[in-house]
Amino acid sequence: MARKSLTSPEISPATLSLVLLVVLLSSSAIHAGHDYRDALRKSIMFFEGQRSGKLPPDQRLRWRRDSALRDGSSAGVSLHYLLLSFPATFRHSDFAFFTNFQVDLSGGYYDAGDNVKFGFPMAFTTTMLSWSVIDFGRTMGPELKNAVGAVRWGTDYLLKATAVPGVVFVQVGDAYSDHNCWERPEDMDTLRSVYKIDRAHPGSDVAGETAAALAAASIVFRKRDPAYSRRLLDRATRVFAFANRYRGAYSSSLYHAVCPFYCDFNGYQDELLWGAAWLHKASRKRVYREFIVKNEVVLRAGDTINEFGWDNKHAGINVLISKEVLMGKAEYFESFKQNADEFICSILPGISHPQVQYSRGGLLVKTGGSNMQHVTSLSFLLLAYSNYLSHARKVVPCGELTASPSLLRQVAKRQVDYILGDNPLGMSYMVGYGQRFPRRIHHRGSSVPSVSAHPARIGCKEGSRYFLSPNPNPNLLVGAVVGGPNVTDAFPDSRPYFVQSEPTTYINAPLVGLLGYFSTHSSWR
C-alpha cells in the first residue's frame, strides 16, 4: 500500500536526547508526585455529571437530577417502513394494534457543556472507555466497578439507539435551539428533535463507530455478564453490516443537524475499518479479518496516521491491530504495525510531524479546538503501544532514534502530569483535583444553581446571567477536564472561551485508561 513518508531535519542522537529530556521535564515546578488514584476516581465520576435520563440511586454527583426523560417520544417509527424494509423479520400480525413504535431514547451522555446528545462522540467515548477497561482495568483497583458502570451507561443507550433494524438514532436535541439557551438539563424546554440514519440516508461513520463501541464493550462484559455481552456483540454485528452495506457520510445525510458541531470531516472509511477491527477482536471471526485485509488500501488505513479522535480513527486502527502482529499471531497485518511505528515517530518530541507541536511547558498541541482531546487520545495510544511493545520485547526505529517502550510511557506520563498541574501555571486542568483548577468552566449544569439550591425553574434566557457572571460555578463537575491551554501555555478561566474551558466526554474517556495505569505504575520507568 502507498504510505506517507515522514521526513524531519537531520538530528544527532545526542541532540535528540536533549530535546526529549527538555520537553519531558519542562515545567514551572516539578512536583513530588500526583495522586493518580484520586485523579482516576474523579475522572470517572465526571461521567455521572454528564448523565441524561433517570439517575440511579448510587449517583455520586448529587447536584444533578433526572433530565430528558421523554427523549425519543417524538420519533415514531412507522409500521409501513418496517414491513417494507424487513419483511422476514416483521409480520403484519405482529402489529395488529399499532401504527407507530414510540422510541425510548432516554439515557446516554450529554457530550460536553450543552444538553444535546450527539451519537457520534458518545459512541467514541464508549469505545475508549471500553478500551481503557480492556487494557488497564486490572490496575484500576476499586474504581474498576465505576469504570464498567460508565461503559454500561453508554451501551444501554446505544442499544436503544440501534433497536430498530436498519436505523440508528444519532442525535437527540436541536443544537441550534440548545445553544441559544443557557439552562440546566433539568429545566430543558428546547427542541428535543430526533435525527436518524437509515438505508436512504446513510451514515457509515456514526454507524461504524457505534458498532465499534458495542463490540469493544462486549469484551468488557464477556465474563462479567455473558448474556449482555452476547447481546452487545450481536447488535454490533448487525449495525456494522448496515454501515457497510449502505455506505455514506452522515454529514451528507444530516448536514443541517450535525454540522458544524460534529461534522465528519474525515470521511466514513476509517470508521468501517475501526468497526471491523473491534468486531474481529471481539468475535475472532475470519470474515472481519478478511474485510480488514481486503479494504486496507481502499479505506485508506495509512492516511493521516498522527490523528486520533471522535472524527479520525487512523492511528487507533493501526495501534489496535498491531497488537496481534507484535504477539506473533497475524503477519498478514504487518503493514498496520508499520503504520503504527510511523505514528509513534510522528508525535515524539524533537522529531514530531509539523502538525504536532509541543509548548514550552511540554504540552502536546495540535491545531483545532479543545486541544486536550488530542492530548489524552494520543497519549493513550502511546501507552497502549508501549505495553504491546514491552510484551513483544520490541522497540520502534525512528531514524537515528530508537523509541523504547519506556520512552513512550514517559511521554504519555508527561502529558498526564501536565494535565494534573505540572505546567507553567501550576494549575490542574481537572476540576476538583489539586488546589488550583478551572472554576468557570463552560458547562450549563455546573454554572447554573442546582435544583436543590434553586427549586424554581430557570428559563432559557434567564440563565444568561450565570453564563456572563465572573463568579465561580456553584456546582463542581468533579473530574471534568477542560479543553485546556494553547501553545503558549496560557489559559483563560472564563466560560465564554469555550474552546479552552469546556469539558467533553471524549477528553476523559482515554484519560481513564491512562490514570488507571499510572495509579499503579507511577515511576518513570
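Rules behind the numbers
Residues numbered from 1 in each chain as written. Predicted model: local features only at pLDDT ≥ 70, side-chain atom pairs only at ≥ 80, totals over all residues. Heavy atoms only, no water. UniProt positions renumbered as here; feature names shortened; annotations may be inferred. Helix = DSSP H or I, 4+ residues; strand = E, 2+ residues; numbered from the N terminus. Buried < 20%, exposed > 50% of the residue type's maximum accessible area, 1.4 Å probe, protein only. Contact = heavy atoms within 4.5 Å. Areas by Shrake-Rupley, 256 points an atom, 1.4 Å probe, with all protein chains shown as cover. Phe/Tyr/Trp six-rings, centres within 6.5 Å; stacked < 30°, edge-to-face > 60°. Pairing = 2+ DSSP bridges. Axes fitted to C-alpha atoms, helices over the stretch in contact; angles between N-to-C directions. Left-handed = near helix turned anticlockwise from the far one by under 90°. Nonpolar A, V, L, I, M, F, W, Y, C, P; charged D, E, K, R; others polar. Salt bridge = Lys/Arg side-chain N within 4 Å of Asp/Glu carboxyl O. Disulfide = S-S within 2.5 Å. Core = buried A, V, L, I, M, F, W, Y, C linked by side-chain atoms within 4.5 Å. Expected span 1.5 Å × (residues − 1). Polar contact = N/O pair within 3.5 Å; in protein donor to acceptor, adjacent residues only side chain to side chain. pLDDT = per-residue confidence, 0-100.

- The protein chain is annotated in an unreviewed UniProt entry as Endoglucanase of Brassica rapa subsp. trilocularis.
- Database annotation for the protein chain, UniProt heading Sequence similarities (unreviewed entry): "Belongs to the glycosyl hydrolase 9 (cellulase E) family."
- What UniProt states about the protein chain under its Catalytic activity (unreviewed entry) heading is, verbatim, "Endohydrolysis of (1->4)-beta-D-glucosidic linkages in cellulose, lichenin and cereal beta-D-glucans."

### Some points on the overall build of the protein chain
Alright, step 1. Looking only at helices and strands, the protein chain has 20 helices and nine strands in total.
Alright, step 2. Within the protein chain, the proportion of its 525 residues that are buried is 63%.
Alright, step 3. The contacts of the protein chain with a sequence gap of at least 6 include a subset with a gap of at least 24, amounting to 75%.
Alright, step 4. Counting every atom, the protein chain has about 20,400 Å² of accessible surface; 55% of that belongs to carbon and sulfur.

### Quick look at the packing of aromatic side chains
Alright, step 1. Across all of its chains, the model carries 28 aromatic pairs by this definition.
Alright, step 2. Summarising the aromatic geometry, the rings of Trp131 and Trp274 are spaced 6.0 Å apart at their centres and angled 55° between planes, so their arrangement reads as tilted. In this pair, Trp131 sits in helix α4 (residues 119-136) while Trp274 sits in helix α11 (residues 269-283), placing the two residues 143 residues apart along the sequence. Each member of the pair Trp131 and Trp274 is classed as buried.
Alright, step 3. An angle of 80° between the planes, with centres 4.9 Å apart, marks the rings of Tyr262 and Trp310 as edge-to-face.

### Quick look at the sheet that holds strand β3 (residues 117-118)
Within a sheet, neighbouring strands are paired by backbone hydrogen bonds and run either parallel or antiparallel to one another.
Alright, step 1. Taking strand neighbours across the sheet as the criterion, the three strands line up as β3-β4-β5 in an open arrangement whose pairing is antiparallel. In this open sheet, the two strands that pair with only one neighbour each are β3 and β5 (194-197).
Alright, step 2. Taken together, the four bridges between strand β4 (residues 168-172) and β5 define a ladder with antiparallel strand orientation. Residue Gln171 lies in a different strand from β5, and its bridge partner there is Tyr195.

### Quick look at the packing of helix α15 (residues 372-392) against helix α20 (residues 505-518)
Alright, step 1. Here α15 crosses α20 at 40°, and the two axes come no closer than 8 Å. Crossing handedness for the pair α15 and α20: left-handed. Counting all contacts with α15, which are made through Met372, Gln373, Thr376, Ser377, Ser379, Phe380, Leu383 and Asn387, the residues of α20 involved are Tyr506, Ile507, Pro510, Leu511, Gly513, Leu514, Tyr517 and Phe518.
Alright, step 2. The residue makeup of the contact of α15 with α20, split by class, is 10 nonpolar, six polar and no charged.

### Things to note about the pattern of salt bridges
Alright, step 1. Across all of its chains, the model carries 22 salt bridges by this definition.
Alright, step 2. Asp71 is the partner of Arg192 in a salt bridge, and the nearest nitrogen-oxygen pair spans 2.9 Å. Placement of the pair is Arg192 in the loop between α6 (175-179) and β5 and Asp71 in the loop between α2 (36-49) and β1 (77-78), with a sequence separation of 121 residues. Neither residue differs from the other here; Arg192 and Asp71 are each classed as buried.
Alright, step 3. When the shortest N-O distance is used, the salt bridge between Asp417 and Lys413 registers 3.0 Å. Taken together, the residues span about one helical turn, with Asp417 and Lys413 both in helix α16 (residues 405-420) at a distance of four residues.
Alright, step 4. Under the relative-accessibility criterion, Asp417 is labelled buried at 4%.
Alright, step 5. Classification of Lys413 by relative accessible area gives buried; the value is 5%.
Alright, step 6. Salt bridges sharing common partners tie together Asp38, Arg41 and Lys42.

### Comments concerning the state of the cysteines
Alright, step 1. Scanning the model with the defined rule gives three disulfides in all.
Alright, step 2. Each sulfur in the disulfide pair Cys181 and Cys460 lies 1.9 Å from the other. Across the S-S bond linking Cys181 and Cys460, the dihedral sits near -90°, which makes this disulfide left-handed. A residue pair is termed long-range when its members are at least 10 positions apart, and Cys181 in the loop between α6 and β5 and Cys460 in the loop between α17 (444-447) and α18 (464-468) qualify at 279 residues.
Alright, step 3. Here Cys259 pairs with Cys263 through a disulfide, and the sulfurs are 1.8 Å apart. Measuring handedness by torsion sign, the sulfur bridge of Cys259 and Cys263 sits at about 80° and is right-handed. Like Cys263, Cys259 is buried.

### Details of the nonpolar core
Alright, step 1. Grouped together as the largest cluster of nonpolar side chains are 156 residues, with contacts concentrated most on Trp131 and Tyr385.
Alright, step 2. It is α15 that contributes the most residues to this core, 12 residues altogether.
Alright, step 3. Beyond its immediate sequence surroundings of up to four residues, Tyr385 is in contact with Val319, Ser322, Leu326, Lys337, Ala340, Asp341, Ile344, Val396 and Leu408.
Alright, step 4. The next biggest cluster of nonpolar side chains, apart from the first, holds five residues, and it includes Trp182, Val448, Tyr466 and Phe467.

### A closer look at helix α8 (residues 226-245)
Alright, step 1. Between its first and last C-alpha, α8 extends 29 Å over 20 residues, near the 28 Å set by a 1.5 Å rise per residue.
Alright, step 2. For α8, every residue scored as buried is listed here: Tyr228, Ser229, Leu232, Leu233, Arg235, Ala236, Val239, Phe240, Phe242 and Ala243.
Alright, step 3. On the buried face of α8, the contacting elements are α5 (144-161), β4, β5, α7 (204-220), α11 and α12 (286-295).

### Section: the side chain of Asp198
Alright, step 1. Looking at where Asp198 falls in the secondary structure, it is placed in the loop between β5 and α7.
Alright, step 2. Within the local environment of Asp198, its side chain forms a polar contact with the side chain of Lys196, the two groups lying 2.8 Å apart.

### Describing the confidence of the model for the protein chain
Alright, step 1. Looking at the protein chain, the pLDDT average stands at 89 and 88% of residues meet or exceed 70.
Alright, step 2. Note that residues 1-19 has pLDDT below 50 and, in this model, 29 contacts with residues that lie over four places away or in other chains.
Alright, step 3. Confidence drops under pLDDT 50 across residues 89-100; counting only partners more than four residues distant or on other chains, this segment forms 16 contacts.

### Concerning unusual backbone geometry
Alright, step 1. The amide bond that connects Cys259 to the next residue, Pro260, takes the cis arrangement and shows omega of 5°.
Alright, step 2. By the element assignment, Pro260 lies in the loop between α10 (255-258) and α11.
Alright, step 3. Phi is positive for Arg284, which is not a glycine, with a value near 60°.
Alright, step 4. The residue Arg284 is located in the loop between α11 and α12 in this model.
Alright, step 5. A relative accessible area of 47% places Arg284 in the partly exposed class.
Alright, step 6. Unusually for a residue other than glycine, Ser370 sits at a positive phi of about 50°.
Alright, step 7. Within the secondary structure layout, Ser370 lies in the loop between β7 (364-365) and α15.
Alright, step 8. A residue is classified by how much of its surface remains accessible, and Ser370, at 10% relative accessible area, is buried.

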